[in-house]
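An overview of the molecular structure
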Amino acid sequence: MSRLFCRLPYLATAVLVGMLPAHYASAQPSVSAQLARDAQDGPRALLDGLDQLLATTPQLASTPSSAAALARAAAMPVPDFVGANLPIYQEISDKIVAAAPPEQRAAVRQAISIEIAAFIATDIRIMPAPPPSTFGNVPEQAPQAGERGYQVGSFTVYPQIQAGMFYDSNIYATRTATVSDGVGSISPSIAIRSNWDHNALYAEAGTDLTGYLHHGNENTADWHTKVQGRIDVNPTTRIILGGIALKEHEDRSSPDAVEGLTPTRYWELNGYAGVIHRIGVYNLRLGGAIERITYANVMGQNGEINNQDRNHNRYTAGISVSNNANIAFRPFFEGLADIRRYDHTPDDFVIEPATTGYYRNSNGYRVSVGSRFRITPAFVGEASVGVMGRYYADPRFKPVTTPAADANLRWNATEGTTAVLFLDRSIEETTLPGSPAYIYTIVGGRVEQTLLPKLTGIARLAFARSNFCQSTRWDNEADMSIGVRYYFTDYTYVGTDYRYTQRVSGDPTVNFNRHEVFVVLGSAF
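Turning next to the overall build of the protein. Helix and strand counts for the protein stand at seven helices and 21 strands. The contacts in the protein between residues at least 6 apart in sequence include a share of 63% that link residues at least 24 apart. Element-wise, carbon and sulfur atoms account for 63% of the exposed surface of the protein, whose accessible area totals about 21800 Å².

Encoded structure:
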């Protein structure tokens, strides 16, 4: 359930504006093709290619519309890079703004900020993946790219803060006896990126502090940190190393939430490494990760609730091969192996003394084929289909095999209108007695419309289905919201949102609906 709520802000996209003037329009395909070819040699080659274009054709940055189109062409290959991509977007913006005529730089900066924000908001590798059971905080604003930040030696530092207040009509996500409250939230963060010619280092840290007006037991203090490095071994080989540490809490709407007097806290440690190697027109990626998740016990109405049997390690390894010969259609194959091992086996679910809990250790896989594509300069995306499955240690759990699918489409419909559509299917862990997992399918989208030069309207809609294996339970979920954002400057905004969420389940005791109204203020420095 909660994945539906937490994913939307990260899949959000900003409004795309600007096209090349008529006498540059015919040149845009060759510019895009050149930058895409440069990007095959890595981030530094892409940025060096952008420098060459600006040196030989300064007109590309002479107006806001032409600069925005150049930014779009340069940013388009960036999501293919594995790693922290925000520094690359920052450098693209900085280079184009610096090449613009002095009298046009303010307008060019604003046009580029809006343009590149579309890529930043849909590039999910920029920040830690949203935790699978967190919803309560203020909606996220995508990181902004531009000339802000502070130079400290060979690094640039980017502080940012977001604060807000919201009303929640059903803070415990219950079917009856709903409880409402007012909530305040503040989320400061800081990011640091290197400015080296070769290799790269990126780090970020942030916290989300949430306080309830009348129900202080629901207050939370979450945080996350991330460090990631890229080693440019040679023009065809790069190594990625990184780690994530975070503390979060389970939202009351999670299918696995327990009825504690306070929200369940959990910690995640994640270390990962990968190699990217280019062989002709093919890109080969190999990688692996180790993840550790631990849960805290919470007090309930009848004493302490044990969550220790949910603690587990997850080991993943994967391979991806893509063909980049044609920038308009780049097919790929991906394979992933996934091993999950719990600290306590069996878990502590016991119906009667003669029975035992469940052995939830499992091995899984996911195999997909798909393509990244650009049908037109305004319509780009990625889609894949395949099969995924899991096998469980407990003989009472049957193997789970189901189709896999993933899609993310971005359409710049008009000069002031952008739409994003997405689809995802996955196999999720569960603590539901008698069920090994649930198959989660989500489909949705977001539309942003420029209403005034500094005012943007936003509409979001998503539907999700959770099918619990070997159980009669199913959950249908809906998330709908509308809102506006007003930008005082390129980096300071105020916004308001109304959100409605609902769950209808085969188990009517977990049905609920919720109304929320947000007011958000944020700024980057």
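Here we come to the confidence of the model for the protein. A residue-level look at the protein finds 86% of positions with pLDDT of 70 or above and a mean pLDDT of 82. Within the protein, the lowest mean pLDDT, 33, falls on helix α2 (residues 22-25), and the highest, 94, falls on strand β12 (residues 329-342). Confidence over residues 1-27 falls short of pLDDT 50; this stretch has 114 contacts with residues more than four positions distant or in other chains.

The next point concerns unusual backbone geometry. Only a minority of non-glycine residues have a phi that is not negative, and only a minority of peptide bonds are not trans. With an omega dihedral of 0°, the bond running from T345 to P346 counts as a cis peptide bond. Mapped onto the elements, P346 comes out in the loop between β12 and β13 (362-376). One non-glycine residue, A173, lies in positive phi territory at about 50°. Despite not being glycine, N199 shows a phi value in the positive range, around 65°. Here N199 shows up in the loop between β3 (181-194) and β4 (200-212).

One way to put it is that helix α4 (residues 43-56) packs onto helix α6 (residues 86-99) with a least axis distance of 11 Å and a crossing angle of 10°. It follows that α4 is roughly parallel to α6 by the angle criterion. Counting all contacts with α4, which are made through P43, R44, L47, L50, D51 and L54, the residues of α6 involved are I88, E91, I92, K95, I96 and A99. When the residues that make up the contact of α4 with α6 are grouped by side-chain class, the tally is eight nonpolar, no polar and four charged.

The sheet contact formed by β4 and strand β5 (residues 220-234) spans eleven bridges and is antiparallel. By the bridge assignment, Y202 is partnered in β5 with Q228. Across eleven bridges, β5 lies against strand β6 (residues 237-249) in antiparallel orientation. Residue pairing across strands places H224 opposite L246, the latter belonging to β6.

Here the focus is α4. With 14 residues, α4 extends 20 Å from end C-alpha to end C-alpha; this agrees with the ideal 20 Å at 1.5 Å per step. Inspection of α4 places P43, R44, L46, L47, G49, L50, L53 and L54 among the buried residues, and these make up the whole buried set.

Another point: the packing of aromatic side chains. For any pair of aromatic rings, the description rests on two quantities: the centre-to-centre distance and the angle between the ring planes. What the rule picks out here adds up to ten aromatic pairs. Measuring from ring centre to ring centre gives 5.6 Å for F155 and W196, while their planes differ by 75°; the resulting arrangement is edge-to-face. Separated by 41 residues along the polypeptide, F155 in strand β2 (residues 155-168) and W196 in the loop between β3 and β4 bring together distant segments of the chain. Taking relative accessible area as the criterion, F155 reaches 25% and is therefore assigned partly exposed. Here W196 falls in the partly exposed class, since its relative accessible area comes to 30%. Within the aromatic cluster, the residues linked to one another by ring pairs are Y358, Y392 and F397. If you follow R310 out to its NZ or CZ, it ends over the ring of Y295, 4.0 Å from the centre. Between the NZ or CZ atom of R372 and the centre of the ring of F332, over which it lies, the distance is 4.6 Å.

Moving on, we get to helix α5 (residues 64-75). Side chains that are three or four residues apart share a direction in an α-helix, a result of its 3.6 residues per turn. For α5, spanning twelve residues, the distance from its first C-alpha to its last is 16 Å, which sits close to the expected 16 Å at 1.5 Å a residue. Most of α5 is tucked away, with ten of its twelve residues classed as buried. Residues of α5 that are buried: S66, A67, A68, A69, L70, A71, R72, A73, A74 and A75.

Attention now moves to a nonpolar patch on the surface. Residues V275, I279, V281, Y282, L286, I319, V321, F333, V367, V369, V385 and V387 make up a contiguous nonpolar surface patch of about 910 Å² in total accessible area. Mapped onto the nonpolar patch, the elements with two or more residues apiece are β7 (265-279), β8 (282-295), β11 (312-323), β13 and β14 (379-392). Mapping I319 onto the fold places it in strand β11.

Another point: the pattern of salt bridges. Pairing between side chains becomes possible if they bear opposite charge and their charged atoms approach one another. Under the definition given, this model contains 21 salt bridges. Here D497 makes a salt bridge to R460, at a shortest N to O gap of 3.1 Å. Of this pair, D497 sits in strand β20 (residues 492-505) while R460 sits in strand β18 (residues 455-468), and the two are 37 residues apart along the sequence. D497 gets classed as buried once you look at its relative accessible area, which sits at 3%.

Right, let's talk about the packing of α5 against α6 for a bit. The geometry of α5 relative to α6 is characterised by a closest axis approach of 10 Å and an angle of 150° between their N-to-C directions. On the basis of their axis angle, the class for α5 and α6 is roughly antiparallel. Between α5 and α6 lies a crossing of right-handed hand. In this structure, α5 contributes A67, L70, A71, A74 and A75 to the contact, and α6 contributes Y89, I92 and I96. Here the contact of α5 with α6 is built from residues that sort into eight nonpolar, no polar and no charged.

What counts and how
Counting starts from 1 at the beginning of each chain's written sequence and moves along it residue by residue. Only residues with pLDDT of at least 70 are given local features in this predicted model, and only at 80 or more are side-chain atom pairs given and counted; all residues enter the totals for whole chains, interfaces and linings. By convention in this description, side-chain values take in all heavy atoms of the structure and omit both hydrogens and water. Strands here are runs of E lasting at least two residues and helices are runs of H or I lasting at least four, both read from the DSSP assignment and numbered beginning at the N terminus. Residue contacts follow a heavy-atom distance rule, with two residues in contact if any of their heavy atoms lie within 4.5 Å. The protein chains shown are the only cover counted for residues, whose accessible areas, like all others here, come from Shrake-Rupley with a 1.4 Å probe. As a per-residue quantity, pLDDT reports the predictor's confidence and falls between 0 and 100. Comment: axis = line fitted to C-alpha atoms, over the contacting stretch for helices; angle = value between 0 and 180 degrees taken between N-to-C directions. Working definition: roughly parallel below 35 degrees, roughly antiparallel above 145 degrees, roughly perpendicular at 65 to 115 degrees, and oblique for all remaining angles. Under the grouping applied here, Gly and all other residues not named as nonpolar or charged are polar, the nonpolar ones being Ala, Val, Leu, Ile, Met, Phe, Trp, Tyr, Cys and Pro and the charged ones Asp, Glu, Lys and Arg. Being paired, for any two strands, means DSSP has found at least two bridges between them. Here, expected helix span is obtained from the residue count minus one, scaled by 1.5 Å. Burial here depends on accessible area, computed with a 1.4 Å probe over protein chains only, as a share of the maximum for the residue type. Under 20% is buried, over 50% is exposed, and the range in between is partly exposed. Ring pairs shown here join Phe, Tyr and Trp side chains whose ring centres sit within 6.5 Å, with only the six-membered ring taken for Trp; geometry is labelled stacked below 30 degrees between planes, edge-to-face above 60, and tilted in between. A ring is scored as having a charge over it whenever the NZ atom of a lysine or the CZ atom of an arginine sits within 6 Å of its centre and within 35 degrees of its normal. Patch construction takes residues with relative accessible area above 30% that form no salt bridge. Like charges are linked within 9 Å, and nonpolar side chains (Val, Leu, Ile, Met, Phe, Trp, Tyr) are linked within 5 Å. We define a salt bridge as a side-chain nitrogen of Lys or Arg found within 4 Å of a carboxyl oxygen belonging to Asp or Glu. By definition, any crossing whose near helix is turned counterclockwise from its far helix by less than a right angle is left-handed, and any crossing with a clockwise turn is right-handed.

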